[in-house]
Amino acid sequence: MRRNRWAVATGTAAAATLAAFVWRLGVELDRSERERDKARRVQELLIDAFEASDPTTAHGGDVTARDVLERATPRLVAELSDQPRILAPLLISTGRIHLRMGLFDPAQEALERALRIVRELDPSEPADLRAALAALAELRTRQARY
């Protein structure tokens, strides 16, 4: 080792770099698997929501977007209450949809709940916080509650 100091140092640095790369690769793989599972879960819930609102099961009646939303929102909250990182963006989306439909009370309920959830989460992802606050501000503006 004394005779080949530079070779040992270079080999050690290369091994450390390789170990760091492998560790980082594992972290990214875990993250991508969590995101994949999240997307799959949301997809399943949305498919179930639309299937539950199938006109053939609605006894021949028309099914509106409002009907789908009213059936899906409580189910989303119930099934995702233990997964706040998935639930919060979905509540923001349903709140915005309610808002655009002029349904201010359900919009307010969804957006305020999303805001509570987002504030409890790790602030490392502020995008959901900004989205919840922006949607709530839009709601307050439409309600003339400045």
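Preceding block: the structure.
The model shown is predicted, which means the values in this text are computed figures rather than measured ones.

Visitor: I'm lost on the overall build of the chain in this one. Help?
Guide: Secondary structure summary: the chain contains five helices and zero strands in total. Looking at the chain residue by residue over its 146 residues, the buried ones come to 25%. Across the chain, contacts joining residues at least 24 apart in sequence account for 55% of those joining residues at least 6 apart. Total accessible area on the chain stands at roughly 10,300 Å², and carbon and sulfur atoms take up 57% of it.

Visitor: Is there a simple way to think about the nonpolar core in this case?
Guide: Most often, soluble globular proteins keep nonpolar side chains buried together rather than apart. Leu80 and Leu91 are the most contacted members of the largest nonpolar core, which totals 25 residues. Secondary structure elements with two or more residues in this core: helix H1 (5-52), helix H2 (65-80), helix H3 (84-100), helix H4 (104-120) and helix H5 (127-142). Apart from the residues within four sequence positions on either side, Leu80 is in contact with Arg41, Leu45, Ile86, Leu87 and Leu90.

Visitor: Is there a simple way to think about unusual backbone geometry in this case?
Guide: For Ala144, which is not glycine, the phi dihedral falls at a positive 60°. Along the chain, the position of Ala144 falls in the segment after H5.

Visitor: Please clarify how a nonpolar patch on the surface should be interpreted in this entry.
Guide: There is a patch of nonpolar side chains on the surface, built from Leu18, Phe21, Val22 and Leu25 and spanning about 420 Å² of accessible area. The topology assignment puts Phe21 in helix H1. Assessed through its relative accessible area of 52%, Phe21 is described here as exposed.

Visitor: What is the right way to look at H3 in this model?
Guide: Helical geometry: 3.6 residues make up each α-helical turn, so side chains three or four residues apart lie on a common side. With 17 residues, H3 extends 24 Å from end C-alpha to end C-alpha; this agrees with the ideal 24 Å at 1.5 Å per step. Residues of H3 that are buried include every one of Ile86, Leu87, Ala88, Leu90, Leu91, Ile92, Thr94, Gly95, His98 and Leu99, and no others. Following H3 by one or two positions, Gly102 has its phi on the positive side, about 80°.

Visitor: Just checking my understanding: could you explain the pattern of salt bridges for this structure?
Guide: As a working rule, side chains carrying opposite charge can pair if their charged atoms are close by. The full count for this structure, using the stated rule, is six salt bridges. Notably, a salt bridge pairs Glu79 with Arg75, separated by 2.6 Å at the nearest N-O pair. Taken together, the residues span about one helical turn, with Glu79 and Arg75 both in helix H2 at a distance of four residues. When its relative accessible area of 32% is taken as the criterion, Arg75 is described as partly exposed. Between Arg100 and Glu138 there is a salt bridge, and its shortest N-O distance comes to 3.7 Å. Here Arg100 is found in helix H3, whereas its partner Glu138 is found in helix H5, with 38 residues between them in sequence. A relative accessible area of 52% places Arg100 in the exposed class.

Visitor: It is not clear to me how the packing of H2 against H3 should be interpreted in this structure. Could you clarify?
Guide: When two helices pack together, you describe them by how their axes are tilted relative to each other and by the distance separating the axes. Two elements in contact, H2 and H3, have axes separated by 10 Å at closest approach and are oriented at 160°. Considered as vectors, H2 and H3 are oriented roughly antiparallel to each other. Note that H2 runs across H3; the crossing there is left-handed. Residues Leu69, Thr73, Leu76, Val77 and Leu80 of H2 form the contact with H3, whose own contacting residues are Pro84, Ile86, Leu87, Leu90, Leu91, Thr94, Ile97 and His98. Considered class by class, the residues forming the contact of H2 with H3 number ten nonpolar, three polar and no charged.

Parameters and conventions
Residues numbered from 1 in each chain as written. Predicted model: local features only at pLDDT ≥ 70, side-chain atom pairs only at ≥ 80, totals over all residues. Heavy atoms only, no water. Helix = DSSP H or I, 4+ residues; strand = E, 2+ residues; numbered from the N terminus. Buried < 20%, exposed > 50% of the residue type's maximum accessible area, 1.4 Å probe, protein only. Contact = heavy atoms within 4.5 Å. Areas by Shrake-Rupley, 256 points an atom, 1.4 Å probe, with all protein chains shown as cover. Core = buried A, V, L, I, M, F, W, Y, C linked by side-chain atoms within 4.5 Å. Patch = residues over 30% accessible without salt bridge, like charges linked within 9 Å, V, L, I, M, F, W, Y side chains within 5 Å. Salt bridge = Lys/Arg side-chain N within 4 Å of Asp/Glu carboxyl O. Expected span 1.5 Å × (residues − 1). Axes fitted to C-alpha atoms, helices over the stretch in contact; angles between N-to-C directions. Parallel < 35°, antiparallel > 145°, perpendicular 65-115°, else oblique. Left-handed = near helix turned anticlockwise from the far one by under 90°. Nonpolar A, V, L, I, M, F, W, Y, C, P; charged D, E, K, R; others polar.

Fair warning: the whole summary comes from geometry, so function is off the table for now.
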